[in-house]
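Overview (structure and organization)
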Amino acid sequence: MLISHSKNIAWRVIDGKAYIVNTGTSCLHSLDEVGAFIWQKLHKKCSAAKLVDLLLKEYDVEKTVAADDVTGFISELKEKGLIEIQND
Amino acid sequence: MISPSNSLTEAAYKNNLPLYTVFELTHRCNLKCLHCYLIKQNKSELNTKEVKTILDKLARAGCLYLCFTGGEIFLRKDLLELCAYARKLNFDLRLFSNGTLITKEHAKMLSEIGLSAVEISLYGRKKSHEQITAKNNSFKKTLVALKLLKKYKVPVRIKAPLLNINFNDYKWLIKFAKKNKFEYRLDPVLAPQNNGDCTIQRFQLSAEKLKTIYTDKKLNKYLINQYEVSTDVSLQDVPDLFCNAGKVFAGISPQGIVYPCLQLLYPLGNLKNQSFRNIWHKSKKAKRLRKYSTKDCKECLKCSNIKACRRCPGIALLETGKITGKSKTACKIAEIQSKIQ
């Protein structure tokens, strides 16, 4: 499974937070610092496992917690139409 | 919990980010609209590479919402290339156009590029529309563009200034927009020309017609009774007589000149030879502009209609030569707004 930004989004990272517009709905979403960290990695296609690895390198967090967080985060972004998921 | 929108606005104000930027790509136009504020000039425009360099600078400076306007932007051969480039830089992109040059290929490409909207100037039915554009057949061409954009699912907003020429068409415009599921924005405020010539204002609606507009609940909310009006005028509860221009709003001319807003012709610098940071964050002019506040508008402070005032500092500058001046246009509207309340 490869994850990347949706086509119809616009975004900036300001003061550590990511602000993302779904240009189809004009809805603005924001992500905190950790969310913004993951978000920027999705500029290119990336797997969930890779995201977990990147989180572990950057933050002091248990692997199981990071994996759960990534799963929840991906599901949330998908629901908001901000990412595309491709099967390998 | 703070909403994403409030959080972004707060961050943009705190850092003076040009969150909203309107970029004039050209002053050339194929129409001669009666109310147009641009002055015909033969100055050279930024080339493709220069525009792209400026877009890079804007993205780095924190601009999120970008609008390309003109003139008529479809006169630029590189327009689609610039749109695609802006989207690659993750801008939320909107275009302003009269629609007359939009082809099927443009509509297809714009759909692929992914815009937040194309805002098309449509002034009313054929007779009023072409009386304003001064061009035969322009109504038909604009309607064709609207159909194409709709077909290829490009979001559309119809926009029109309301003049004494098209006043009787405004209900038709609303009906047309609703029927086609287009957003619409109608505005009765006419700006003087960029050289300060106010003769355009002979097309402004009469007080009676303005009253009709401001009391019509079908019109956009932003036009109607924006401020609660009170006869108790004290400084702490009057509206801010300055706007976001130069704070979180920027304008860029076809020559690369940065303005606080394209309506506020107070040049801050030129992106052809200066960095955005030096112009926006370090220049004395930008800093001075941000210090202006309601209390500097001495004449307005005495006005009993101040609480209904939607003064535009740019129009005030053009009308009076002073950014803090008393704008006749704003006074007329504030007087009507006060009476409606």
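Anyway, here's the lowdown on the structure attached to this text. These numbers were taken from a predicted model, which means no experiment stands behind them.

Rules used throughout
Residues numbered from 1 in each chain as written. Chains lettered and ligands numbered in written order. Predicted model: local features only at pLDDT ≥ 70, side-chain atom pairs only at ≥ 80, totals over all residues. Heavy atoms only, no water. Core = buried A, V, L, I, M, F, W, Y, C linked by side-chain atoms within 4.5 Å. Buried < 20%, exposed > 50% of the residue type's maximum accessible area, 1.4 Å probe, protein only. Helix = DSSP H or I, 4+ residues; strand = E, 2+ residues; numbered from the N terminus. Contact = heavy atoms within 4.5 Å. Pairing = 2+ DSSP bridges. Axes fitted to C-alpha atoms, helices over the stretch in contact; angles between N-to-C directions. 1 Å grid on protein atoms, 1.4 Å probe; cavity = no way out; pocket = protein on both sides within 12 Å on 5 of 7 lines; lining within 4 Å. Points joined across faces, edges and corners; volume = space filled by probe spheres on them. Nonpolar A, V, L, I, M, F, W, Y, C, P; charged D, E, K, R; others polar.

1. A few points about the nonpolar core
In this structure, F23(B), L55(B), L58(B), L66(B), F68(B), L95(B) and L110(B) are the most contacted members of the largest nonpolar core, which totals 93 residues. With six residues, helix α2 (residues 48-61) of chain B is the single largest residue contributor to this core. Beyond its immediate sequence surroundings of up to four residues, L95(B) is in contact with F68(B), I73(B), F74(B), C83(B), L110(B), L115(B), A117(B), V118(B) and E119(B). Formed by 23 residues, the second largest nonpolar core is a distinct cluster that contains I20(A), F73(A), I74(A) and I83(A).

2. Details of the sheet that holds strand β2 (residues 9-14) of chain A
Either a parallel or an antiparallel arrangement is found when strands of a sheet pair, and the pairing is made through backbone hydrogen bonds. Residue and element names in this part refer to chain A. Strand order in this open sheet of three strands is β2-β3-β4, and the pairing throughout is antiparallel. The sheet terminates laterally at β2 and β4 (27-31), the two strands that pair on one side only. Put simply, the sheet's adjacent strands are angled 20 degrees from each other on average, direction ignored. In this structure, strand β3 (residues 17-22) lies alongside β4, joined through five bridges in antiparallel fashion. Of the residues in β4, the one forming a bridge with V21 is L28.

3. Quick look at the pairing of β2(A)
Residue and element names in this part refer to chain A. Across the six residues of β2, five count as buried, placing the element largely inside the fold. Examined bridge by bridge, β2 and β3 share six bridges and lie antiparallel to one another. From the neighbouring strand, V13 faces β3, where its bridge partner is A18. Between β2 and β3, which follow one another and run antiparallel, lie two residues, and D15 among them has a positive phi close to 50 degrees.

4. Some words on the side chain of H35(B)
Following the sequence through the fold, H35(B) ends up in the loop between β1 (20-24) and α2. H35(B) gets classed as buried once you look at its relative accessible area, which sits at 14%.

5. Focus: the layout of surface pockets
The computed volume of the second largest pocket comes to approximately 330 Å³. S6(A), K7(A), R87(B), K88(B) and N90(B) are, among the 18 residues lining the second largest pocket, the residues nearest its centre. When contributions to the lining of the second largest pocket are tallied by element, the ones reaching two or more residues are β1 (2-5), β2 and β6 (83-86) of chain A together with α3 (79-88) and α4 (104-113) of chain B. Class assignment for the residues of the lining of the second largest pocket results in five nonpolar, six polar and seven charged.

6. Topic: helix α12 (residues 313-320) of chain B
All names here are of chain B. Summarising burial for α12: six of the eight residues are buried, a large majority. What α12 keeps buried is the set P313, G314, I315, A316, L317 and L318. Lining the buried residues of α12 we find α13 (328-340). In the segment just after α12, G321 is the residue with positive phi, at about 85 degrees.

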